[in-house]
Amino acid sequence: MQRRRTTDDPHCSLAGQDGRGAHYGSLSEKAIEIPQPSNTALDQKSTANVFSDGCTRIDFVLVWETVPWELSGQQDSRENGGLQERSAAIHRTWRKKFLDELHAAGIHMEKHMTRVEKKVVHYLLLSAPWSVLCYYAEELQLHVPLQVLPRQTSNWSASVLRQLGIPNVMAQEVPNLPLDYYTCPFKANKLQWFLGSDEQDTFFSTTQRHQILYEILATTQYGHSREREVGVDRLLSENVFTAAFPLHEARHRRPLGSHPAAGPTPLASPSPTAYLSPQGPYKLRPEELTAGNLSQRQVLFQYWASWGKWSKYQPLDHVRTYFGEKVAFYFAWLGFYTGWLLPAAVVGTVVFIVGIFLMFNDIPSQEICTSEEQYWMCPLCKTCPYWQLSKICSTFMAGRLFDHGRTIFFSIFMSLWAVLFLEFWKRTNASLAHHWDCSEFEDIEERPRPQFTAMAPMTIINPVTGAEEPYFPKHSRLHRTLAGLMVIIMMIAVVVMFVVSIILYRAVVAILLSSSGYFWFVASASRIASITGSVVNLIFILILSKIYISLAHFLTKWEMHRTQTKYEDAFTFKVFVFQFVTFYSSPVYIAFFKGKFVGYPGNYLSFLGVRNEECSPGGCFIELAQELLVIMVGKQILNNVQEVAIPKLKCWWHKHKLLSTKKAGEEGESVLVEPAPWVMDHQLLVFEGLFDEYLEMVLQFGFITIFVAACPLAPLFALLNNWVEIRLDAHKFVCDYRRPVAERAQGIGIWFSILEAITHLAVISNAFLIAFTSDFLPRVYYKYVHDSSLRGYVNFTLAYAPWDFVLQSNTTCRYRAFRDRDGNLTLTYWQLLAIRLGFIIVFEHVVFFIGRVIAWLVPDIPESVEVKVKRERYLAKEVLTENKVLLEIWETRSDASVMNLAAGRDWETEQFTSSRAPQCAPRPTARCWCQD
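These numbers come from a predicted model, not from an experiment.

Caption draft 1: Summary view of the overall build of the protein chain. Helix and strand content of the protein chain: 29 helices and 18 strands. Residues counted as buried form 48% of the 932 residues belonging to the protein chain. Taking the intrachain contacts of the protein chain between residues at least 6 apart in sequence as the baseline, contacts between residues at least 24 apart amount to 76%. Accessible surface, the protein chain as shown: approximately 46,200 Å² in total, 60% of it carbon and sulfur.

Caption draft 2: Looking closely at the packing of helix α8 (residues 296–303) against helix α23 (residues 714–736). Where α8 contacts α23, the axes come no closer than 10 Å and their chain directions differ by 150°. What the angle tells us is that α8 and α23 run roughly antiparallel. By crossing handedness, the relation of α8 to α23 is classed as left-handed. Where α8 abuts α23, its residues Arg297, Leu300 and Phe301 lie against His731, Val734 and Cys735. Of the residues in the contact of α8 with α23, the class split is four nonpolar, one polar and one charged.

Caption draft 3: Spatial organisation of the pairing of strand β1 (residues 60–66). Buried residues dominate β1, accounting for six of its seven residues. Looking at chain direction, β1 and strand β3 (residues 119–127) are connected through seven bridges and run antiparallel. Note on β3: the bridge partner recorded for Glu65 is Val121. Two elements, β1 and strand β6 (residues 243–245), share three bridges in a ladder whose sense is antiparallel. Bridging across to β6, Val61 finds its partner in Phe245.

Caption draft 4: Representation of the packing of helix α10 (residues 325–360) against α23. Two numbers describe how α10 lies on α23: the axes approach to 7 Å, and their chain directions differ by 160°. What the angle tells us is that α10 and α23 run roughly antiparallel. Like other packed secondary-structure pairs, α10 and α23 cross with a definite hand, here left-handed. Contact with α10, carried on its side by Val327, Tyr330, Phe331, Leu334, Gly335, Tyr337, Thr338, Leu341, Leu342, Ala344, Ala345 and Thr349, involves Pro715, Leu716, Ala718, Leu719, Asn722, Trp723, Glu725, Ile726, Asp729, Ala730 and Phe733 of α23 and no other residues of that element.

Caption draft 5: Spotlight on the state of the cysteines. On inspection of all chains with the given rule, the structure shows two disulfides. Two residues, Cys378 and Cys813, share a disulfide whose sulfurs are 2.0 Å apart. On the sign convention where negative means left-handed, the S-S torsion of about 85° between Cys378 and Cys813 marks this disulfide as right-handed. Here the residue Cys378 occupies a position in the loop between β7 (376–377) and β8 (387–388), and Cys813 occupies one in the loop between α27 (803–809) and β18 (814–816), the gap between them amounting to 435 residues. Take Cys378: its relative accessible area is 5%, and that puts it in the buried class. Cys813 sits in the buried class, given a relative accessible area of 0%.

Caption draft 6: Geometry of the pattern of salt bridges. Using the criterion set out here, one finds 14 salt bridges in the structure. Of the charged contacts, one joins Lys426 and Glu423 as a salt bridge, the two residues approaching to 3.6 Å between their closest N and O atoms. Of this pair, Lys426 and Glu423 both sit in helix α13 (residues 406–435), separated by three residues, roughly a single helical turn. Taken individually, Lys426 and Glu423 each receive the classification buried, so the pair is uniform in this respect. A salt bridge links Lys732 to Asp729; its shortest N-O distance comes to 3.4 Å. A residue pair is termed a helical-turn pair when its members lie 3 or 4 positions apart in one helix, as Lys732 and Asp729 do in helix α23 at three residues. Exposure class is identical for Lys732 and Asp729. Each is buried.

Caption draft 7: Region of the structure containing the packing of aromatic side chains. Per the stated rule, a full pass over the model turns up 53 aromatic pairs. Ring centres of Trp417 and Phe421 lie 5.6 Å apart, and the angle between their planes is 5°; this geometry places the pair in the stacked category. With Trp417 and Phe421 both in helix α13 and four residues apart, the pair spans about one turn of that helix. Judged by its relative accessible area of 0%, Phe421 is buried. One residue, Arg814, lies across the ring of Tyr800, its end atom 3.9 Å from the ring centre. Lying across the ring of Trp803, Arg821 places its NZ or CZ 3.8 Å from the centre.

Caption draft 8: Quick peek at the environment of Ile488. Considering the arrangement of structural elements, one finds Ile488 in helix α16 (residues 474–514). Under the relative-accessibility criterion, Ile488 is labelled buried at 7%. The sequence separation of Ile488 and Tyr548 amounts to 60 residues, and the corresponding C-alpha distance is 8.8 Å. Ile488 has contacts with Tyr548 and Lys574, leaving out every residue within four places of it along the chain.

Caption draft 9: Representation of the sheet that holds strand β2 (residues 108–116) in the model. The four strands are arranged β2-β3-β1-β6 in an open sheet whose pairing can be described as antiparallel. Two strands lie at the open edges of the sheet, namely β2 and β6, each paired on one side alone. Taking each pair of neighbouring strands and ignoring which way they run, the sheet shows an average axis angle of 15°.

Caption draft 10: Representation of unusual backbone geometry within the structure. Located in the positive-phi region is Asn239, a residue other than glycine, with phi close to 65°. Here Asn239 shows up in the loop between α7 (232–237) and β6. Residue Asn239 is classed as exposed on the basis of its relative accessible area of 55%. At Asp437, a residue that is not glycine, the phi angle is positive and equals roughly 60°. Locating Asp437 in the fold gives a position in the loop between α13 and α14 (441–445). Exposure remark for Asp437: the relative accessible area of 25% places this residue in the partly exposed category.

Caption draft 11: Structural detail: a nonpolar patch on the surface. Taken together, the side chains of Trp307, Trp310, Leu342, Val346, Val350, Leu720, Trp723 and Val724 present a nonpolar region at the surface, about 730 Å² in accessible area. Contributing elements (two or more residues each) for the nonpolar patch: α10 and α23. Among the structural elements, Val724 can be located in helix α23. Taking the relative accessible area as the measure of exposure, Val724 reaches 33% and is therefore partly exposed.

Caption draft 12: Structural detail: the nonpolar core. Core analysis: the biggest nonpolar cluster contains 120 residues, and Phe323, Trp333, Tyr337, Trp417, Phe707 and Trp751 have the highest contact counts within it. With 18 residues, the single largest contributor to this core is α10. Discounting residues that sit within four places of it in the chain, Trp751 has contacts with Thr572, Phe576, Phe691, Tyr694, Leu695 and Val698. Phe98, Ala137, Leu217 and Val240 belong to the second largest nonpolar core, which has 38 residues in total.

Caption draft 13: Here's a closer look at the side chain of Arg209. Mapped onto the elements, Arg209 comes out in helix α6 (residues 206–219). Residue Arg209 is classed as buried on the basis of its relative accessible area, which comes to 5%. Those residues in contact with Arg209 that sit more than four places away from it in its chain are Arg57, Asp59, Ser127, Ala128, Leu133, Gln200, Asp201 and Phe204.

Caption draft 14: A look at the environment of Val499. Residue position: Val499 is located in helix α16. Residues Val499 and Tyr589, spaced 90 residues apart in sequence, show a C-alpha to C-alpha distance of 8.9 Å.

Caption draft 15: Spotlight on the environment of Val350. Among the structural elements, Val350 can be located in helix α10. On the accessibility criterion, Val350 (46% relative accessible area) is partly exposed. Considering only alpha carbons, one finds Val350 and Phe410, 60 residues apart in sequence, at a separation of 9.9 Å.

Caption draft 16: Inspection of the side chain of Thr56 at higher detail. Residue placement: Thr56 occurs in the loop between α1 (40–45) and β1. The class of Thr56 is buried, set by a relative accessible area of 15%. Among the polar contacts made by the side chain of Thr56, one reaches the side chain of Asp53 at a distance of 2.6 Å. Excluding anything up to four places from it in sequence, Thr56 contacts Asn49, Val50, Phe51, His108 and Ser127.

Caption draft 17: Spatial organisation of the confidence of the model for the protein chain. Scored by pLDDT, the protein chain has a mean of 74; 74% of the residues are at 70 or more. Confidence, read as mean pLDDT per element, is least for strand β15 (residues 662–664) in the protein chain (36) and greatest for β6 (92). Segment residues 1–47: pLDDT under 50, and 110 contacts once partners within four positions in sequence are set aside and those in other chains are kept.

Here is what the cut-offs are and how they apply
- Within every chain, residues take consecutive numbers counted from 1 along the sequence as written.
- For a predicted model such as this one, the threshold for reporting local features is a pLDDT of at least 70, and the threshold for listing and counting side-chain atom pairs is 80 or more; totals across whole chains, interfaces and linings nevertheless cover every residue.
- Only hydrogens and water are set aside; all other atoms, that is, all heavy atoms of the structure, feed into the side-chain values.
- Helix and strand assignments come from DSSP, with helices taken as H or I runs of at least 4 residues and strands as E runs of at least 2, each series counted from the N terminus.
- Using a 1.4 Å probe on the protein chains alone, a residue whose accessible area is under 20% of its type maximum counts as buried, one over 50% counts as exposed, and one in between counts as partly exposed.
- Contact between two residues is taken to exist if any of their heavy atoms lie within 4.5 Å; hydrogens are not considered.
- Note on areas: Shrake-Rupley with a 1.4 Å probe; residue coverage comes only from the protein chains shown.
- Note on definitions: angles span 0 to 180 degrees between N-to-C directions of axes, and those axes are lines fitted to C-alpha atoms, for helices only across the stretch in contact.
- Roughly parallel means an angle under 35 degrees; roughly antiparallel, over 145; roughly perpendicular, 65 to 115; everything else is oblique.
- Handedness of a crossing is defined here by the sense of rotation of the near helix relative to the far one, left-handed for an anticlockwise turn of less than a right angle and right-handed for a clockwise turn.
- Each residue gets one label: Ala, Val, Leu, Ile, Met, Phe, Trp, Tyr, Cys and Pro are nonpolar, Asp, Glu, Lys and Arg are charged, and the others, such as Gly, are polar.
- A pair of strands is considered paired only if DSSP assigns at least 2 bridges between the two.
- In plain terms, two cysteine sulfur atoms within 2.5 Å form what is called a disulfide here.
- The salt bridge criterion pairs a side-chain nitrogen of Lys or Arg with a carboxyl oxygen of Asp or Glu, the two atoms within 4 Å.
- Aromatic rings from Phe, Tyr and Trp, taking only the six-membered ring of Trp, are treated as a pair when their centres fall within 6.5 Å; an angle between ring planes under 30 degrees marks them as stacked, one over 60 as edge-to-face, and anything in between as tilted.
- For a ring to carry a charge above it, either NZ of a lysine or CZ of an arginine must fall within 6 Å of the ring centroid while also lying within 35 degrees of the normal to the ring plane.
- A patch consists of residues whose relative accessible area exceeds 30% and which take part in no salt bridge; residues with like charges are grouped when within 9 Å of each other, and nonpolar side chains (Val, Leu, Ile, Met, Phe, Trp, Tyr) when within 5 Å.
- Among buried residues, the Ala, Val, Leu, Ile, Met, Phe, Trp, Tyr and Cys ones that are joined through side-chain atoms within 4.5 Å form a nonpolar core.
- For the purposes of these results, a polar contact is taken to be a pair of N or O atoms within 3.5 Å, where, inside protein, one atom must be able to donate a hydrogen and its partner to accept one; residues adjacent in sequence count only when each atom of the pair is a side-chain atom.
- pLDDT measures how confident the predictor is about each residue, on a scale from 0 to 100.

If you want it as structure tokens, here you go:
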């Protein structure tokens, strides 16, 4: 819960408060605008993450905008002006109460203002004093260092290459490598035991200070809790504040003309033009590459976000130190996934190349191409003409690129690849969680969400920690969850309606093109309808996704989940179910339903008065491959273009409005001056979480596993995309996004369970694809029953139109099916059906069995990590026992000393003097209190 600090605390005064009214430290919105001072020291301090006193660190920034008094009366109309004035008055009231509460909590504040067009932008800098940091660090159970550990980080591929004696081209030397520590939850009464506790400015890391400030901001109440008038997030949604963010790390400054070896320069420098920085706060000057005095942001930009580092290992420890464990786990998983795509892409490419050679040597393809007028096919619609099978020569041969015997091998390979990928990611996740000291975060250490803490109606004792925590009744949450489930089902029903409309669109377009009379349109009607339908489907997907994500955010907040992990898991599940149905509905229809319920000439089946779709003459496999390429590759290209173009355009627009780059110097010359860091970070984009990044990759994982039998090149496209994605995301985090508040995590959360479900679904999907959509089993059947060379296979797969249809049209035609002249299914159909069902059972059992064996052979936690955990627990017990003995000895000696001192004094005759306890003996330097 939010705790208050009294105003007599020496740490809770406003920075700069001296009773003179409106000035840079005042909260009054009528305060005068502070221009860049001519004082040299202040000019230099404005480019560092400190207050104007040069030492108070900036932990958070609040931003809001107001209309100047001289322009406040210029409204479009009286009615609109009255509404805006009332809204502004409410915002001022909420803002004042919110800031008063922050002041009462002991937060240091300093205010700056800038004039932007017809608005005044207010920047309120916040800093938590030492007493507040200590209190909330214990409340949040932040881990602080006890002892430095030797570096033990090693990439598995680096170890393999080192053992083989092969040079590792992926390795790179990254400066400022973060130290590794034994850590423990902070306790204020054990302060002297922690490493670096005598340095108050640097004891808590920058990310920990951000976490503390966000906890205070998120739980501060400015109105009635029943109305949810709590926390900075609500104020941001109501536009009371326009932004709230921690600052990126500032560039290490030095005067112009100084030598890099001279080291960092003090803040007070004699030159007002000492900070010319056209490269920005993160780009490196040539002389800085050898200076060795880089900020963390500069290191990440140079060695992680740079496109030239695409083939190098990611500096995950640096990412974790700067952005927190949650962001670091995302990039660790993305890099691990991209590395594992390499063998899948190689095998898939080989399978595709083999398909090219088979395409030119395929006997059925040659029979179709040389058939000329031998096979006349039945019309595709009532008004469509008869057509020759030889006209689909090129389409049928293209289908052989994906539909051949090697597809079976590749499907089994990808199914086992997915199982191995997840099993080895478990091991990597466990190693990283132990290395980053968060292996017990979700079970023990994770605290309730700040929003949950502020809104929960009651409290309860936590059965694990024994601490009193806010509580929301389970039955109330269950009722809300069920209500939200009904909304999700309704939205999924909307998606199904769109899918049906796309199916009808394809059928109508195919009919219109087939009856157009133009040969090219007639021959390509089904393919044109399929491709345009895929494009329309993609547009529907993007529109519905935006709507549903906003709805899922509202429902998940309403359900009142206790921890951030549970909140994100619930939100992720809602959106993924919707996105799964949205993105996969069309491929599932093509793979498993299209062309399966068509009927036969003279007795065609229809839906809503429209004849059911048939597969294209080349088969549904080639259509499924087209669909995957349009959705998967098209979505990836659109996402990458958006991720490159939209942030740049938004940043340019913000800078165009907010950035003033020219400033007159003391001698009248015009010099380029970098603005204050809070102004620069305000120009950046808001970080909106990792959900979209994970969703894009998990959907991609589904495409390359569930439907991989239809498109062996899918892993290759995914690999190429991910190589770009890693550096693109890294560049966004370092250069385009405001710095997010660091969050702890134990892994990738519910996304791992989703990946496991997709892996199991992929085995079933590929089995059905090969059995019912591919021509593999009919070809095998024909080889062993009729002709091993496949001669006559085309005639074997074509049935004659029923007699009734022939008498009506007075023409004999063929169609693809296993039926007799009366339209009845033949014995061959039932034999093939038995073979297909048997193949599905055998395929699934074999793959699942091998997967279980692999999971059994590969332990979830590496043996080295298990040994480290057991070793740490053993040492903790040893230290606990030793410390108890030392404490008992110390207490016995202390009691004896007091008794001896008392025995030598005459309490009846001795004059009164101050009674002081003997000096305490030094405490043993043990870590037993970590187990408290």
